[in-house]
Amino acid sequence: LSEADEVSSVIALAYDAALDPALWPPALEAACKFLYCFQGVVGSFDLLRPEVDLLIPWGYEEPYWNMFRQTYGRNAILAAVVRTNPGDVVSLARWSGEFDYDALYESDHFREFSEPQGQLDSIQATLSKSASGFSALAAVRHESGGYIGETEFRRMRLIAPHFQRAVLIGKIVDLQRIKAAAMIETIAGLVAGVFLVNALGGLVHANPSGEAMLTAEDPVTLVKGTLAVVDPRANRAIMEGLGSAGDGDGAVAPGGGAVALVGKGGDRFVAHVLPLGGGGRREAGSSIAATAALFVRQATINIPAAVAAATQLYGFTPAEERVLRAVIELGGVGPTAAVLGVAQRTVRTHLERLFQKTGATRQADLVKLIAGYASPVLSPSHA
């Protein structure tokens, strides 16, 4: 290959690696061979953190790489970066005035690490640098190849800017992956079924609660990959909401996009449509990115979670808490007294105390108040 073809190949591999971290080793291999080197490292570090953002080796046998990471690597790289700025290209042997190359031969680093591998010289490009972090591309020359020369300096200057951009792009891509993973993990723990759909109503993702609904086909189902609800009356309103969500946040329907629906067995559900962004994606031709989220939950109270939260806030006694649970589940003083095995007067006394602590004046108001403390998160037994 001509040098121009080699440069193009190395650059292409670097940008591929920015999007797929698994491709960093072949990208680094191509860079090292382009520089006539037999080993190399590309890394991005934060000196205030024990872990590294990116540290990819090529050409090292595992025992020596472990020795580099655990013993010699951090000090060697730190010494190089402290004395360089972004864009600088330096070699070990020619680092006159800044590095005592002769002293290297007397060091443990040379005797234990460099000499057994046949390392003679290295070339490094500092890609970026901040108060606490830096990134660098380094390649190591074998003793059979002689010292780093002008050709290697010129070639490193050709590829270093592209590795600099690739490392930066990789950080941005990783950040987006982390954000996406965090969002998926969060919605996975919700009681409500969460469905992310595109502008055409196609399902992009469903959380575990949503998957359970789809499996049961109640109250939500898939029709040729398109989300639908089994309640025909509600389906039209929901589909209109999902379709208009691509127009942006202003497309939310009156009432916050809430739609009541009935399942196959008569169970009541509430659905909410939430736009995920503006309509620009539609103009850009994206038909797979999620433009809306549909939340579907059963219209019931998570009684244990709601009562536990209200108890913490209002300071209910254990007896008041038991009465509150029973009133919500059974709906009246008489049934509550019968189930708890106490007199109705006792139930009324506890209810009066619950009214005083919460400010409610009627049993219906009390139940409505407690319902507002229901947890949206799955309990461990249902996760």
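Above: the structure in question.
Presented here is an overview of the structure given in this document. (Residues numbered from 1 in each chain as written. Predicted model: local features only at pLDDT ≥ 70, side-chain atom pairs only at ≥ 80, totals over all residues. Heavy atoms only, no water.)

### Concerning the overall build of the protein chain
The condition is simple: Per the convention used, a helix needs a DSSP run of H or I reaching at least four residues, while a strand needs a run of E reaching at least two, with both numbered from the N terminus. For every residue, the accessible area (1.4 Å probe, protein chains only) is compared with the maximum for its type, and the residue is labelled buried under 20%, exposed over 50%, or partly exposed between those bounds. A contact between two residues is defined here by any heavy atoms of the two lying within 4.5 Å. Accessible surface area values rest on a Shrake-Rupley calculation with a 1.4 Å probe, where residue burial reflects the displayed protein chains alone.
Within the protein chain, the regular secondary structure consists of 14 helices and 12 strands. The buried share among the 383 residues of the protein chain stands at 40%. When contacts within the protein chain are restricted to residue pairs at least 6 apart in sequence, those whose partners lie at least 24 apart make up 60%. When the accessible area of the protein chain is evaluated, it comes to approximately 19900 Å², of which 56% is carbon and sulfur surface.

### Looking at the nonpolar core
Using the following cut-off: Only buried residues count toward a nonpolar core, which is a set of Ala, Val, Leu, Ile, Met, Phe, Trp, Tyr and Cys residues joined through side-chain atoms within 4.5 Å.
Within the largest apolar cluster, 33 residues are counted, with the highest numbers of intra-cluster contacts made by Trp24, Met156, Ile159 and Phe163. Excluding its chain neighbours within four sequence positions, the residues that come into contact with Ile159 are Val10, Ala31, Phe34, Leu35 and Leu137. The next biggest cluster of nonpolar side chains, apart from the first, holds 19 residues, and it includes Phe195, Leu242, Ala292 and Leu294.

### A few points about the packing of aromatic side chains
To keep things clear, this is the line we draw: For Phe, Tyr and Trp, where Trp contributes only its six-membered ring, two rings pair if their centres lie within 6.5 Å, and the inter-plane angle classes them as stacked under 30 degrees, edge-to-face over 60, or tilted in between.
Under the defined criterion, the tally for this structure stands at 8 aromatic pairs. Aromatic side chains Trp65 and Phe68 sit 5.0 Å apart centroid to centroid with 15° between the ring planes, which places their arrangement in the stacked category. Of this pair, Trp65 and Phe68 both sit in helix α3 (residues 62-82), 3 residues apart, which is roughly one turn of that helix. The buried category is assigned to Trp65, whose relative accessible area is 10%. Taking relative accessible area as the criterion, Phe68 reaches 10% and is therefore assigned buried.

### Describing the side chain of Thr336
When you line up the elements, Thr336 lands in helix α12 (residues 333-340). When neighbours within four sequence positions are excluded, Thr336 is seen to be in contact with Val323, Ala326, Val327, Leu330 and Val347.

### Quick notes on the sheet that holds strand β3 (residues 89-91)
The condition is simple: Strands are treated as partners if at least two bridges between them are detected by DSSP. Note on definitions: angles span 0 to 180 degrees between N-to-C directions of axes, and those axes are lines fitted to C-alpha atoms, for helices only across the stretch in contact.
Taken together, the 5 strands give an open sheet; going across it, the order is β2-β1-β5-β4-β3, and neighbouring strands pair in antiparallel fashion. Edge strands, defined here as strands with exactly one partner in the open sheet, are β2 (54-58) and β3. Between one strand axis and the next, the sheet turns by 15° as a mean value, whatever way the strands run. Pairing between strand β4 (residues 119-129) and strand β5 (residues 133-142): 9 bridges, direction antiparallel. Looking at β5, one finds that Ser128 is bridged to Ser135. Along the sheet face, helix α2 (residues 24-34) touches β1 (39-46), β2 and β5 and points at about 55° away from the line of β2.

### Things to note about the environment of Glu185
Positionally, Glu185 belongs in helix α6 (residues 150-188). In the structure, Glu185 is positioned 22 residues away from Asn207 in sequence and 8.8 Å away in space, judged by C-alpha atoms.

### Topic: the pattern of salt bridges
Rules: Salt bridges are defined by distance alone: a side-chain nitrogen of Lys or Arg within 4 Å of a carboxyl oxygen of Asp or Glu.
With the rule as written, the count across this model stands at 12 salt bridges. As a salt-bridge pair, Arg233 and Asp231 come within 3.6 Å of each other at their nearest N and O atoms. For Arg233, a relative accessible area of 55% puts it in the exposed group. The salt bridge partner of Asp365 is Arg362, with a shortest N-O separation of 3.2 Å.

### Description of α12
The line we're drawing: It is the directions from the helix axis to the C-beta atoms that the arc portrays.
Of the positions making up α12, those classed as buried are Val333, Thr336 and Ala337. For α12, the arc enclosing every buried residue in end-on projection is 95°, short of the 170-degree limit, so these residues lie on one face. Residues of α12 that are exposed and point over 90 degrees away from its buried face: Ala338 and Val339. Contacts from the buried residues of α12 go to α11 (318-330) and α13 (344-358).

### Re helix α10 (residues 303-314)
Put simply, the rule is: Helices are assigned an expected span. That span is 1.5 Å times one less than the residue count.
With 12 residues, α10 should reach 16 Å at 1.5 Å per residue; the first-to-last C-alpha distance of 16 Å fits that figure. Restricting attention to buried positions, one finds in α10 the residues Ile303, Ala306, Val307, Ala310 and Thr311. Buried positions in α10, seen along its axis, are confined to an arc of 135° and lie on one side of it. Of the residues in α10, the exposed ones pointing more than 90 degrees away from the buried face are Gln312 and Leu313. Buried-residue contacts for α10 involve α11 and α14 (363-371). Following α10 by one or two positions, Gly315 has its phi on the positive side, about 75°.

Functional significance is not addressed by these values, which are geometric in nature.
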